[in-house]
Amino acid sequence: MLRLETRKWRSVRAGRFVFVLLMLVVAVTGACSRGGDDDANSGDVQVEIDVSPDPPEMGPAVITVRLTDPDGEPIDDADLEIEGNMSHAGMEPVIVDAPEDQDGRYVSDGFQFTMGGDWIITVSGTLPDGEEFERTFDLEGVSS
């Protein structure tokens, strides 16, 4: 009888351990995740992107970024960088500058989708007043 209770207790302890470990993994994963499109228009700068070709495909692409203030007025003279990452680990990010075109529009210089799949596009920059910002966008289904 004592052995049966010991096995049962070990099983309960193992189950609790697995539960605690699972909760820890969920907490850490959530804390490390990137923001999505929800935060693209928070703060003092509004950020929109357009990807061409549409739908996106592996190879060269043009990413156009539009910056506006909360009143919808274009923001000129910003310094922008675009970073593309796959949604999984194991690849080198694609990082390019996005020089200003006109009226708050900035166009990527030499962006390449190196693989098909889901990507995360991060636009980071410095505004003319020195304020820095970063926004992320989920881009699903780049075809190969």
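Numbers given for residues are sequential positions, taken from 1 along each chain in its written order. It should be noted that, the model being predicted, local features are given only for residues of pLDDT at least 70 and side-chain atom pairs only at 80 or more, the latter also being counted only at that level, while totals for whole chains, interfaces and linings use all residues. With hydrogens and water set aside, each side-chain value is computed from the structure's full complement of heavy atoms.

Let us look at unusual backbone geometry. Of the consecutive residues S52 and P53, the connecting peptide bond is found in the cis state with omega at 10°. Position of P53 relative to the elements: it lies in the loop between β1 (46-52) and β2 (59-68). Here D54 and P55 are connected by a cis peptide whose omega angle stands at 5°. Mapped onto the secondary structure, P55 falls in the loop between β1 and β2. In this model, D77 sits at a positive phi of 65°, which is unusual for a non-glycine residue. We classify D77 as exposed; its relative accessible area is 60%. Despite not being glycine, D103 has its phi angle at roughly 40°, a positive value. Secondary structure elements follow DSSP: runs of H or I no shorter than four residues count as helices, runs of E no shorter than two count as strands, and numbering proceeds from the N terminus. Categorising residues by exposure relies on relative accessible area from a 1.4 Å probe, with only protein chains included: less than 20% of the type maximum marks a residue as buried, more than 50% marks it as exposed, and the intermediate range marks it as partly exposed.

Turning next to the nonpolar core. To qualify as a nonpolar core, a set must consist of buried Ala, Val, Leu, Ile, Met, Phe, Trp, Tyr and Cys residues joined through side-chain atoms within 4.5 Å. Counting residues in each nonpolar core, the largest one holds 27 residues, and the members touching the most others are V65, L67, I82, F111, F113 and W119. For this core, the secondary-structure elements that each account for two or more residues are β1, β2, β3 (79-86), β4 (94-97), β7 (111-113), β8 (117-126) and β9 (132-142). Dropping the residues within four chain positions of it, V65 is found in contact with V47, E48, I49, L80, I82, G104, R105, Y106 and V123. Contacts between residues were defined by any pair of non-hydrogen atoms, one from each residue, lying within 4.5 Å.

On to the side chain of N85. By the element assignment, N85 lies in strand β3. Classification of N85 as buried rests on a relative accessible area of 12%. A distance of 2.8 Å separates polar atoms of two side chains, one belonging to N85 and the other to E83. Each polar contact in these results corresponds to two N or O atoms within 3.5 Å; when the atoms are within protein, one needs to be able to donate a hydrogen and the other to accept it, and residues that are neighboring in sequence are counted only if both atoms are side-chain atoms.

A few words on the environment of G59. Relative to the elements of secondary structure, G59 occurs in strand β2. Measuring from C-alpha to C-alpha, the distance between G59 and V142 comes to 9.7 Å, with 83 residues separating the pair along the chain. If we skip the residues at most four places from it in the chain, G59 touches F111, Q112 and F113.

What follows concerns the pairing of β4. Only one face of β4 is covered, namely the one carrying V94 and V96; the face carrying I95 and D97 has none of its residues buried. Strands are treated as partners if at least two bridges between them are detected by DSSP. Pairing geometry for β3 and β4, over four bridges, is antiparallel. Looking at the pairing, E83 lines up with I95 of β4.

Let's shift gears to the pattern of salt bridges. Here, a salt bridge means any side-chain nitrogen of Lys or Arg that lies within 4 Å of a carboxyl oxygen of Asp or Glu. The full count for this structure, using the stated rule, is one salt bridge. The shortest N-O distance in the salt bridge between R105 and D101 comes to 2.9 Å. By relative accessible area, which is 43% here, D101 ends up partly exposed.

Summary of the metric used: pLDDT quantifies the predictor's per-residue confidence within the range 0 to 100. On average, residues of the protein chain score 81 in pLDDT, and 70% of them reach the 70 mark or higher. Of all secondary-structure elements in the protein chain, the lowest mean pLDDT belongs to helix α1 (residues 2-32), at 48, while strand β6 (residues 105-107) reaches the highest, 98. Across residues 20-39 the pLDDT falls below 50, and counting only partners more than four positions away or on other chains, this stretch makes twelve contacts in the model.

Centre distance within 6.5 Å is the pairing criterion for rings of Phe, Tyr and Trp, where only the six-membered ring of Trp is used; planes under 30 degrees apart are then read as stacked, over 60 as edge-to-face, and the remainder as tilted. Under the criterion given, the structure shown has three aromatic pairs. Ring geometry for F111 and F113: centres 5.0 Å apart, planes at 75°, overall edge-to-face. Since its relative accessible area comes to 1%, F111 is described here as buried. Note on F113 and W119: the rings are 5.0 Å apart at their centroids and 80° apart in plane angle, and the pair reads as edge-to-face. Across this residue pair, the class does not change: F113 and W119 are buried. Ring pairs connect the aromatic residues F111, F113 and W119, which therefore count as one cluster.

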